[in-house]
Amino acid sequence: MAIESFVAELEAFREAASESLGRVADGAGLEQARIEFLGARSGRLKAIQKLLSGLVATDRPAGGRHFNEAKAAVTALLADVQERLVGGGAARPTADAIDVTLPGDPVRLGHVHPITQTIRRVQEIMARLGFESVDGPEVEDQWHNFEALAIPAEHPARDPLDNFYLAVARGADPLLLRSQTSTVQIRVMENRRPPLRIVSLGRVYRPDTADATHYPMFHQVEGLLIEPGTTMAHLKSVLRQLASSFLGGDVHVRYRPSFFPFTEPSVEFDMQWGGRWIEMGGAGMVDPAVLAAVGYDPDEVSGFAFGLGVERIAARRYGVADIRDFYRNDVRFLRQF
Ligand code: PHE
């Protein structure tokens, strides 16, 4: 056999081994390749070794060198693949390997939304004055949102354009998203007897165009006290306590005559804070017609009710100029509170 053919055999052997080892994906595949190429009994290198004796004597030393080279190359390749499969990752860390000695990324803790903080703060202040926090449904019927509150069918406040009425089956009683938390006064009075001191904070809905001071969904605080001998003086004391505790410092409360169908007399109240009078909400003595609607005897009990906007007092307290900021969910804004 000519030395050239012998060398060509070795070349083909190396190429086949390299190609095959490149495809090896696990230990079993590696062992299979080892047996096929370097196996002591019937490996392909063994077969080539037998050809050595077919070379003319003068070519044999060169043939032997080529043979040893090929064997060493394929053996080294096999070792590389083995390393890649078993310990490769640990032995040679790659660029994206995890460095377990580095300090971890700090976990940023969330916190309560400023509106929720305000709600909890008001509940806490009112609890100290003996007012229990209660909840009511956001989807209401006309009785609780209007009729029991002495808002009759022809009242402009019931206009479909001023409320979010729900689509209901034909003939079914109309339902709407409550437009005020005064609904909760009715729900509580229907189920309990006086004396009562309750406060209810929750969402209300009105189809207003969103601007710096309006939003189609906002929150109200509703307070209700029914006890024998209640007067406007009690109302004023409670509002002043709430304002002073919430805003801090000595806050003054001022009344302006107003009208609500469910209170008589009715007032709007302002608070003086930072040298300015700020409109806060509506209030009044619960109208006898409302007491009668829930089955109380207006000659026996009296009480007061008030309602104010949570966004408004939160905006005051935190110096927020645009209430839409409360709902944009921009964490850069929310993180400040
Ligand atoms: N419900 C009234 C409103 O939304 C506020 C109010 C509550 C007035 C209780 C009087 C008594 O405007």
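See the structure printed just above.
Residues numbered from 1 in each chain as written. Predicted model: local features only at pLDDT ≥ 70, side-chain atom pairs only at ≥ 80, totals over all residues.

**With respect to the overall build of the chain**
Then comes step 1: Across its full length, the chain holds 12 helices and 9 strands.
Then comes step 2: For the chain, the C-alpha radius of gyration of 43 Å lies well beyond 20 Å, the compact-globule estimate for 337 residues.
Then comes step 3: Taken along the three principal axes of its C-alpha coordinates, the chain extends 135 × 55 × 35 Å.
Then comes step 4: Relative to its 337 residues, the chain shows a buried fraction of 26%.
Then comes step 5: In the chain, 63% of the contacts between residues at least 6 apart in sequence involve partners at least 24 apart. (Helix = DSSP H or I, 4+ residues; strand = E, 2+ residues; numbered from the N terminus. Rg over C-alpha atoms; globule rule 2.2 N^0.38 Å. Buried ≥ 20, exposed ≤ 12 C-beta atoms within 10 Å, placed from the backbone. Contact = placed C-beta atoms within 7 Å.)

**Examining the packing of helix α2 (residues 27-38) against helix α4 (residues 60-85)**
Then comes step 1: At a closest axis distance of 11 Å, the pairing of α2 and α4 adopts a crossing angle of 175°. Considering their axes alone, α2 and α4 lie roughly antiparallel with respect to each other. Contacts from Gly27, Leu30, Arg34, Phe37 and Leu38 in α2 reach Val74, Thr75, Leu78, Val81, Gln82 and Leu85 in α4.
Then comes step 2: Taken together, the residues that form the contact of α2 with α4 break down as 7 nonpolar, 3 polar and 1 charged. (Axes fitted to C-alpha atoms, helices over the stretch in contact; angles between N-to-C directions. Parallel < 35°, antiparallel > 145°, perpendicular 65-115°, else oblique. Nonpolar A, V, L, I, M, F, W, Y, C, P; charged D, E, K, R; others polar.)

**Looking at the site of the ligand**
Then comes step 1: Taken together, Gln180, Ser182, Phe260, Thr263, Gly281, Gly282, Ala283, Gly284, Ala305, Phe306 and Gly307 are the residues near the ligand.
Then comes step 2: The dominant element in the shell around the ligand, judged by the number of residues it contributes, is strand β8 (residues 276-286), at 4 residues.
Then comes step 3: A breakdown of the residues in the shell around the ligand according to their chemical character gives 4 nonpolar, 7 polar and no charged. (Near = placed C-beta within 6 Å.)

**A word on unusual backbone geometry**
Then comes step 1: The omega torsion of the bond from Pro194 to Pro195 falls at 0°, within 30 degrees of zero and hence cis.
Then comes step 2: Its place among the elements puts Pro195 in the loop between α8 (182-191) and β4 (196-205).
Then comes step 3: Looking along the chain, the bond that leaves Glu264 and enters Pro265 is cis, with omega of -5°.
Then comes step 4: The backbone of Asn329 sits at a positive phi, close to 55°, despite the residue not being glycine.
Then comes step 5: When you line up the elements, Asn329 lands in the loop between α11 (310-318) and α12 (331-334).
Then comes step 6: What makes Asn329 exposed here is the crowd of 9 C-beta atoms within 10 Å.

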